[in-house]
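Examination of the molecular architecture
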Amino acid sequence: MKSSLIDLGGFSIHISDGILEPQWCLFWFAISAIFLGLGLRIINKRIRDDPIYLPRISLIGAVVFVISVLHIPVPVTGSSSHPVGTPLAAILIGPFATVVISSIALFFQAFVAHGGLTTLGANTFSMGIAGAFGGYSIYRMLKKISPLWFSAGMAGFSGSIITYLTSALQLSLSLNPENVMYYWKIYSLGFIPTQLPLAIAEFALTGYAIKYISETKAEVIGSSGIDRFTKIAMIAMLLIVSIIAMGAYIGHLRGGNMAGVDGTVEWAAAPEAVPGGIGVELMARFGEPIGFAFVGITGGLITGYFWKAWWKGWRKY
Amino acid sequence: MPDWLMRDPLNGIVLTIAFFIAMMVGRYLRERRSRADGILIEPGTRLIISFLLIIAVTLMENWYFPAAISVFCMVIVLRLKVLRDYIKKIIFPFVLASFILAVQSFTYGVNEIDLGTIRLYSEGLERGLLIFSKVFASTSILILLNMTTSESDLLTSMHSLRVPGVILEMSSFMCRYIKTFSDEGRTLKSAQESRCGFSGSFTNKIKNMASICGLLITRAFSRSEEVYRAMLSRGWKPGLQFSSNAMKPHRYESNNNRRT
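Our subject in this report is the structure included herewith. Just so you know, these numbers come straight off a predicted model, no measurement behind them. (Residues numbered from 1 in each chain as written. Chains lettered and ligands numbered in written order. Predicted model: local features only at pLDDT ≥ 70, side-chain atom pairs only at ≥ 80, totals over all residues. Heavy atoms only, no water.)

**Considering the overall build of chain B**
The secondary structure content of chain B amounts to 9 helices and 2 strands. Going from N to C terminus, chain B has its helices and strands arranged as α-α-α-α-β-β-α-α-α-α-α. Looking at chain B residue by residue over its 260 residues, the buried ones come to 37%. In chain B, the share of contacts with a sequence separation of at least 24, taken over all contacts with a separation of at least 6, comes to 60%. Total accessible area computed for chain B in this model is approximately 15900 Å², and 62% of it derives from carbon and sulfur atoms. (Helix = DSSP H or I, 4+ residues; strand = E, 2+ residues; numbered from the N terminus. Buried < 20%, exposed > 50% of the residue type's maximum accessible area, 1.4 Å probe, protein only. Contact = heavy atoms within 4.5 Å. Areas by Shrake-Rupley, 256 points an atom, 1.4 Å probe, with all protein chains shown as cover.)

Below, the structure written as structure tokens:
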């Protein structure tokens, strides 16, 4: 064997090549690329200010990778498995830097058959974005009202659960788009026997590890590196996504077919779309998620680019 | 005009273009091999071919092409005598693909297949088998790539694919220190085990494991300062290692020529 990367054992949810449909591979790549770009921007800025940040973040990334493949004892099942590790990394180096570190780790893990190259975007989203940001948000929310070990532990627990729920959602969106909620439930239930005990173990591991570090070398626990604008944008994004998801779920519980949000978006975004027009044709060819992702990216880029100019203009009035 | 020539031309055009482009690429690879001391395919080309092959497998709608690719990979694995490593690595994707096969077979479709106590759906079974064969084929390709290419070769080829320098620098650091920290973690764990550190309750075990993790992180933090000092003493600056300018030989030559 030529590669010197350590072997990974245990069971974890890295989606392999060949499972997701091509349009979903592209969709998750597009979403992850935005976060990766933001992460790289933050890292480059920190390296320019303080060049020691490069070896520091790389070495801490290497350690978090090693921790994420260490076999930890799992309660109830009596077996062992390896943790997600991204909530711990997010607490140490910030969630955006964690996206970069986890995408590098996932790229190399793909070569030992944990994950894949075409599913790198999907896996980066579930582990490096959903897991890291979810866990980090919980950590920040609980930090002021509970002990450090508990907030870190809850970050580990929720990060692990969010990662597996996101993976299950990715599978159901791609494989069974006609009945997403039903299959999301089935895939999530399938993962529970291994992943729930693992999340409990991750709670204890992350909590104790952060407690140990805060007692021995507190300066390792760094800041997020996120500015105010990004923070507010992230909160707004999470809020809107939560409202849409909750609305869809309530609709599903009332016997709806989950098409309500789709219809609303179509009605609001393109009320006068010509059925045979190029936009509709392109969406039919590449799938609706790609089309709406393209619209979202274009709109977001223009808004972000002219944000300051618009804001200054509004303040004059 | 023969009848078969006057039908839908798309498949014929695609086949012809694919064949001739592949032929030109094949000739180019053979020429590169003769220039590169007998290396069959250069690592960068190997990475691109594997990626394209995996994309092709992902797009396939029939199970027999992925199955043929899997068999082909198995033959190479047997020739390389690395069957044990291959089986060890393919277990995880195999479990995930089996899980998806089971979910699809039991829940998706309308045409039932009655197997006595078990009832399957033919549409689900078909889709599950297709996914299963795709996973098997693409994973086999990746495992083969892993077995024949080192990380440094991969990083060098990623540089030629214009991956950002900071990602390459971080990747090279990570590749180097993952092995070091992995060995250190193993040493710490065996030291704890020899002192009965991993006996007793779950809380005790996890506390000891967490202290190993914490220790590894604080060590990484301290070591990064030493690494940085060592890098500076060797004339390092951000972006130096994988700078595209530094790796262009013609720039250096042209400067020399100008001087003479």
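**Focus on the nonpolar core**
Residues A:Ile43, A:Leu92, B:Met170 and B:Phe181 are the most contacted members of the largest nonpolar core, which totals 96 residues. Of the residues forming this core, the biggest block, 12 residues, is contributed by helix H8 (residues 202-233) of chain B. If near-sequence neighbours (up to four positions away) are discounted, B:Phe181 is found in contact with A:Leu59, A:Ala62, A:Val63, A:Val66, B:Leu216, B:Ala220 and B:Arg223. Ranked by size, the runner-up nonpolar core spans 35 residues in total, among them A:Leu20, A:Phe35, A:Phe96 and B:Leu96. (Core = buried A, V, L, I, M, F, W, Y, C linked by side-chain atoms within 4.5 Å.)

**Quick notes on the pairing of strand E2 (residues 118-121) of chain B**
Bridge count between strand E1 (residues 112-115) of chain B and E2(B): 4 bridges; the pairing is antiparallel. For B:Leu115, the partnering residue across the bridge sits in E2(B) and is B:Ile118. (Pairing = 2+ DSSP bridges.)

**Regarding the pattern of salt bridges**
Residues and elements named next belong to chain B. Counted by the stated rule, this structure contains 5 salt bridges over all chains. Between Asp 183 and Arg 186 there is a salt bridge, with the nearest N and O atoms lying 3.7 Å from each other. You can see Asp 183 and its partner Arg 186 sitting in helix H7 (residues 165-194), 3 residues apart, about one turn around the helix. Asp 183 gets classed as partly exposed once you look at its relative accessible area, which sits at 35%. Among the ionic pairs, Arg 223 bridges to Glu 184, the shortest N-O distance being 2.7 Å. In this pair, Arg 223 is assigned in helix H8 and Glu 184 in helix H7, connecting sequence segments 39 residues apart. Exposure remark for Glu 184: the relative accessible area of 14% places this residue in the buried category. A single salt-bridge network, built from bridges that share partners, covers Glu 184, Arg 219 and Arg 223. (Salt bridge = Lys/Arg side-chain N within 4 Å of Asp/Glu carboxyl O.)

**Digging into a nonpolar patch on the surface**
Residues and elements named next belong to chain B. Nonpolar side chains collect at one region of the surface, where Ile 13, Ile 17, Phe 19, Phe 20, Ile 21, Met 23, Met 24 and Val 25 lie side by side and expose about 780 Å² of accessible area between them. Mapping Ile 17 onto the fold places it in helix H1 (residues 10-35). Residue classification places Ile 17 among the partly exposed positions, given a relative accessible area of 48%. (Patch = residues over 30% accessible without salt bridge, like charges linked within 9 Å, V, L, I, M, F, W, Y side chains within 5 Å.)

**Quick word on the packing of helix H2 (residues 43-59) of chain B against helix H6 (residues 151-160) of chain B**
Residue and element names in this part refer to chain B. Between H2 and H6, whose axes approach to 8 Å, the crossing angle comes to 80°. The angle between H2 and H6 places the two elements in the roughly perpendicular class. Contacts from Pro 43, Gly 44 and Leu 47 in H2 reach Asp 153, Leu 154, Ser 157 and Met 158 in H6. The class makeup of the residues in the contact of H2 with H6 is 4 nonpolar, 2 polar and 1 charged. (Axes fitted to C-alpha atoms, helices over the stretch in contact; angles between N-to-C directions. Parallel < 35°, antiparallel > 145°, perpendicular 65-115°, else oblique. Nonpolar A, V, L, I, M, F, W, Y, C, P; charged D, E, K, R; others polar.)

**Looking at the packing of aromatic side chains**
The final tally for this structure, using the stated rule, is 22 aromatic pairs over all chains. Taking 6.0 Å as the distance between ring centres and 70° as the angle between the ring planes, the aromatic pair formed by A:Tyr187 and B:Phe99 counts as edge-to-face. Of the two residues, A:Tyr187 is situated in helix H7 (residues 180-216) and B:Phe99 in helix H4 (residues 83-107); the pairing between them involves two chains. For A:Tyr187, a relative accessible area of 0% gives the class buried. Look at B:Tyr64 and B:Phe65: their rings are 6.0 Å apart centre to centre, the planes differ by 50°, and that puts the pair in the tilted class. Within the aromatic cluster, the residues linked to one another by ring pairs are A:Trp24, A:Phe27, A:Trp28 and A:Phe125. Sitting over the ring of A:Tyr53, A:Arg46 keeps its end group 4.3 Å from the ring centre. Lying over the aromatic face of B:Tyr108, B:Arg127 brings its terminal NZ or CZ to 4.1 Å of the ring centre. (Phe/Tyr/Trp six-rings, centres within 6.5 Å; stacked < 30°, edge-to-face > 60°. Lys NZ or Arg CZ within 6 Å of the ring centre and 35° of its normal.)

**Some points on the side chain of B:Ser140**
Residues and elements named next belong to chain B. The residue Ser 140 is located in helix H5 (residues 122-148) in this model. Relative accessible area serves as the criterion here: at 0%, Ser 140 is assigned to the buried category. Excluding residues that lie within four positions of it along the chain, Ser 140 makes contacts with Cys 73, Tyr 86 and Ile 90.

**Focus on the environment of A:Gly296**
Residues and elements named next belong to chain A. For Gly 296, the location among the structural elements is in helix H11 (residues 288-316). Owing to a relative accessible area of 44%, Gly 296 belongs among the partly exposed residues under this scheme. Sequence spacing of Gly 296 and Ser 102 is 194 residues, and the spatial spacing of their C-alpha atoms is 25 Å.

**A few points about the packing of H4(B) against H5(B)**
For any two helices packed against each other, one specifies the crossing angle of their axes together with the interaxial distance. All names here are of chain B. Two elements in contact, H4 and H5, have axes whose closest approach is 9 Å; the angle formed by their N-to-C orientations is 165°. The angle between H4 and H5 places the two elements in the roughly antiparallel class. The interaxial crossing formed by H4 with H5 has right-handed handedness. Tallied by class, the residues present in the contact of H4 with H5 amount to 15 nonpolar, 8 polar and 3 charged. (Left-handed = near helix turned anticlockwise from the far one by under 90°.)

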